[in-house]
Amino acid sequence: MIDTRTPRIPGQPTGDLTPELLSTSVWSDEDVARAGIPVIDMPFVTIGGGMGSFVMVDLLRIAGVPASNIRALSNIDHPWQTYEYLTRCSQIPRGERIRSDSSGCPDNIWAFPSYAVREAWADKTVAPLASVVLEPVFTDYWTPRAGQVFNALGREATRIKYPEMLARGQVRLLRRRRDGGYFTILTPPAGESTTKRVAYRSWYVHLAVGYPGLQFLPDLQHYRERYNDATHVVNAYEPHEHVYEALKRHPGTVLVRGGGIVASRVLQRLMEDRVNNGARTHIHHLFRTYVSGTHGDSKIGRRKGSGGFAYSGFNWPKAAWGGQLKEQFERLEGDERAALYRKLGGAHTPHRKLWQQQKARATNEGWYQTYQGVVTSVTPGSRSGITTAVRPEQGSPYALDADFIIDCTGLEGDIREHRVLADLLDHSGAGRNPLGKLDVERTFEVRGTTNGFGRVYASGAATLGGYYAGVDTFLGLQYAALTITDDLAAQGFCRRIGIGRSTAQWWRWVRNRPVD
Ligand SMILES: Cc1cc2nc3c(=O)[nH]c(=O)nc-3n(C[C@H](O)[C@H](O)[C@H](O)COP(=O)(O)OP(=O)(O)OC[C@H]3O[C@@H](n4cnc5c(N)ncnc54)[C@H](O)[C@@H]3O)c2cc1C
């Protein structure tokens, strides 16, 4: 139960945001007290409570910040909850392998022992080690199973006392405080507070709110709304198990749209259901951009491709996390940076032997066909199902009939779709970067939001387009957290993680000892 016994100015003890507060960009302590909103002093708050918040808190704890000085304000119970939900929907249950490599360890900032070493140890086999030595030339990249990552995160969460730092609720907004720092307004779960809102008064705020929203292709969104049909047209990031179940019960046709890793996963599932579970599914696969061979700039961003797909092991070339490309991104501003993002971007998927074999078999047997084109309309079919009208780059327009459509194209939305980010743009001086996302400095401080000694930092997908490309990856979230920790150490909030501290803390990690 949150203690709401903060002194209030008599007369208006509503405990809620008032029109005056909502329309004022800088609040005083008196303003908040007048609204009857209880105040909790907390030097550091991180908003989101997902993977980005977790690695931030992990770094701060390793840098010596006590648990009592940190709160993760979140609408989820454990940091990997949203990630697990999205991976499960997009066909990566706990037993399947994720995309990042053996050293992308959000539970272990040292990345040693890596996941491959840990799996080899646990399963008493050298296979994972052999794989990481031979990858990617002689074998596909080795990647950990989702379940291994979740179990490791659970261990680290307990070690750093994450549950003690979690404050459940929905963050509504954050505003500058007149005397420095910020107020973050949390709406606690019903029954857990005697007031509607609680204000966290802090020096530092970190934002890691994940994806602003699900983004449907406009034509599919239009179909769903117009025909009130969210059963036959689904997004791969929302629960859609009913599609696979229906296809197992009755022969049917499914149209898959998109050429990224999620499309690969969905195809894998459809093909395995056909081969192993008796489904008689026919698959149409529509690419907007059809890649048939090696493509891209000869110096940068060159990729192999075939059958519609472009291939790349990870979201970005490895040099973007810590090499020439990282340095290049750091140097570039404005349009030049946006141009480099465009050069390296686009949909792609890892080249995995299993997927190639499955597709080859399905193509040979005639139940998997690929198409290229831009969709001009999606309408109910003349007898049943859904008809997609397509305009190809070459040749005449054509139509594809299907019983189900699975949209595997994207998860991102505009940052304004997120209420907290929209408020930050409107009231706290934040702006947009060359890709239209939240503009952050090289230190991951949100540009324009400094308030006296106070700082707002941000990491994750909302900051894509900044000086570091891999922000929406485990390694990128850790890089951001380490950079923020260094910045906070320079301001005296925590210790610097130098060689001595790092070694001592690693040894604690190995023995699963508490950080302090
Ligand atoms: C399907 C999929 C697979 C991926 N696989 C990999 C991979 O293999 N390797 C890799 O490195 N990266 C991967 N990523 C990318 C990235 O690492 C993850 O998405 C990661 O979860 C991002 O962390 P985050 O903290 O930014 O977002 P999340 O983990 O999504 O956490 C953000 C949290 O903030 C909460 N929140 C938002 N607004 C509020 C609010 N107002 N109040 C309270 N809480 C709020 C949300 O509910 C959410 O739980 C993958 C992403 C997806 C979608």
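Just so it is clear, the model here is predicted, and its values are computed rather than measured.

Asker: A description of the pairing of strand E18 (residues 398-402) should follow, citing residues and the corresponding values.
Answerer: The pairing of strand E17 (residues 386-391) with E18 spans five bridges and is classified as antiparallel. When the bridges of E18 are listed, valine 390 appears paired with tyrosine 398.

Asker: Quick one: what's the story with the side chain of histidine 240, residue by residue and with numbers?
Answerer: Residue position: histidine 240 is located in the loop between strand E10 (233-235) and helix H10 (241-249). Of the residues examined, histidine 240 reaches a relative accessible area of 2% and is grouped as buried. A distance of 2.8 Å separates the side chain of histidine 240 from the backbone oxygen of glutamate 238, its partner in a polar contact. Engagement of the side chain of histidine 240 in a polar contact is seen with the side chain of tyrosine 244, the distance being 2.7 Å. When neighbours within four sequence positions are excluded, histidine 240 is seen to be in contact with Cys89, Gln91, Val234, Asn235 and Ile406.

Asker: If you had to explain the side chain of serine 131 to someone new, which residues and values would you point to?
Answerer: Mapping serine 131 onto the fold places it in helix H6 (residues 127-134). Each residue touching serine 131, except ones within four places of it in the same chain, is listed here: Thr139, Asp140 and Trp142.

Asker: Go over the sheet that holds strand E8 (residues 198-202) with me, naming the residues and quoting the values.
Answerer: Taken in spatial order, the five strands line up as E1-E6-E7-E8-E2 in an open sheet, and their pairing is mixed. Strands with a single pairing partner mark the edges of an open sheet, and in this sheet they are strand E1 (26-27) and strand E2 (39-41). One ladder, built from five bridges, connects strand E7 (residues 182-187) with E8; its direction is antiparallel. Considered in E8, the bridge of tyrosine 182 is made with serine 202.

Asker: Mind laying out the packing of helix H11 (residues 261-276) against helix H15 (residues 353-365), listing which residues take part and the relevant values?
Answerer: Between H11 and H15, whose axes approach to 10 Å, the crossing angle comes to 55 degrees. The angle between H11 and H15 places the two elements in the oblique class. Note that H11 runs across H15; the crossing there is left-handed. Along the contact surface, H11 presents Ile261, Ser264, Arg265, Leu267, Gln268, Met271, Glu272 and Val275, while H15 presents Leu354, Trp355, Gln358, Lys359, Arg361 and Ala362. Across the contact of H11 with H15, the residue classes break down as seven nonpolar, three polar and four charged.

Asker: Can you explain the packing of helix H5 (residues 115-123) against helix H7 (residues 146-159)? Please cite residues and give values.
Answerer: Their axes nearest at 11 Å, the elements H5 and H7 cross at an angle of 95 degrees. Between H5 and H7, the angle falls in the class roughly perpendicular. Taking contact as the criterion, the partners of Tyr115, Arg118 and Glu119 in H5 are, on H7, Gln148, Val149 and Ala152. A per-class count over the contact of H5 with H7 returns three nonpolar, one polar and two charged.

Asker: Break down the site of the ligand for me, with residues and values.
Answerer: Neighbouring residues of the ligand: 30 residues in total, closest Gly52, Asn75, Thr82, His418 and Phe474. Here methionine 51 contributes a backbone N or O atom positioned 3.2 Å from an oxygen atom of the ligand. At 2.8 Å from a nitrogen atom of the ligand is found a side-chain nitrogen or oxygen belonging to histidine 418. Protein burial of the ligand: of its 970 Å² of free accessible surface, 91% is covered by the chains.

Asker: Residue-level account of the domain arrangement of the chain, with values.
Answerer: If you check the domain split of the chain, you get domain 1 (44-92 + 146-212 + 414-509) and domain 2 (218-312 + 348-407). For domain 1 and domain 2, the distance between their C-alpha centroids amounts to 36 Å. Contacts between domain 1 and domain 2 engage six residues on the former and ten residues on the latter. Around 650 Å² of area is buried between domain 1 and domain 2 when both sides are counted, 62% of it from carbon and sulfur atoms. Counting across the interface, domain 1 meets domain 2 through one residue pair in polar contact (both at pLDDT 80 or more). Tallied by class, the residues present in the side of domain 1 that touches domain 2 amount to four nonpolar, two polar and no charged.

Asker: Summarise helix H14 (residues 334-344); cite the residues concerned and give the values.
Answerer: Taken together, the buried positions of H14 are occupied by Arg337, Ala338, Leu340, Tyr341 and Leu344. All buried residues of H14 lie within an arc of 160 degrees about the axis, which places them on one face of the element. Turned more than 90 degrees off the buried face of H14, the exposed positions are Asp335, Glu336 and Arg342. For H14, the secondary structure elements touched by its buried residues are helix H13 (324-331). Just downstream of H14 lies glycine 346, where phi reads positive at about 95 degrees.

Asker: Can you explain the packing of aromatic side chains? Please cite residues and give values.
Answerer: Scanning the model with the defined rule gives 20 aromatic pairs in all. When the ring of tryptophan 203 is compared with that of phenylalanine 453, the centres are 6.5 Å apart and the planes differ by 85 degrees; the resulting orientation is edge-to-face. Taken as a pair, tryptophan 203 in the loop between E8 and strand E9 (204-207) and phenylalanine 453 in the loop between helix H16 (419-427) and strand E20 (455-458) lie far apart in primary sequence, 250 residues in all. Residue classification places tryptophan 203 among the partly exposed positions, given a relative accessible area of 42%. Relative to tyrosine 341, the ring of tryptophan 316 lies with its centre 5.6 Å away and its plane at 80 degrees, an arrangement referred to as edge-to-face.

So, how was this worked out
- Residues numbered from 1 in each chain as written.
- Predicted model: local features only at pLDDT ≥ 70, side-chain atom pairs only at ≥ 80, totals over all residues.
- Heavy atoms only, no water.
- Pairing = 2+ DSSP bridges.
- Helix = DSSP H or I, 4+ residues; strand = E, 2+ residues; numbered from the N terminus.
- Buried < 20%, exposed > 50% of the residue type's maximum accessible area, 1.4 Å probe, protein only.
- Polar contact = N/O pair within 3.5 Å; in protein donor to acceptor, adjacent residues only side chain to side chain.
- Contact = heavy atoms within 4.5 Å.
- Axes fitted to C-alpha atoms, helices over the stretch in contact; angles between N-to-C directions.
- Parallel < 35°, antiparallel > 145°, perpendicular 65-115°, else oblique.
- Left-handed = near helix turned anticlockwise from the far one by under 90°.
- Nonpolar A, V, L, I, M, F, W, Y, C, P; charged D, E, K, R; others polar.
- Near = heavy atom within 4 Å.
- Areas by Shrake-Rupley, 256 points an atom, 1.4 Å probe, with all protein chains shown as cover.
- Domains from an automatic or database assignment.
- Buried area = accessible area lost by both parts, 1.4 Å probe.
- Arc of directions from axis to C-beta.
- Phe/Tyr/Trp six-rings, centres within 6.5 Å; stacked < 30°, edge-to-face > 60°.

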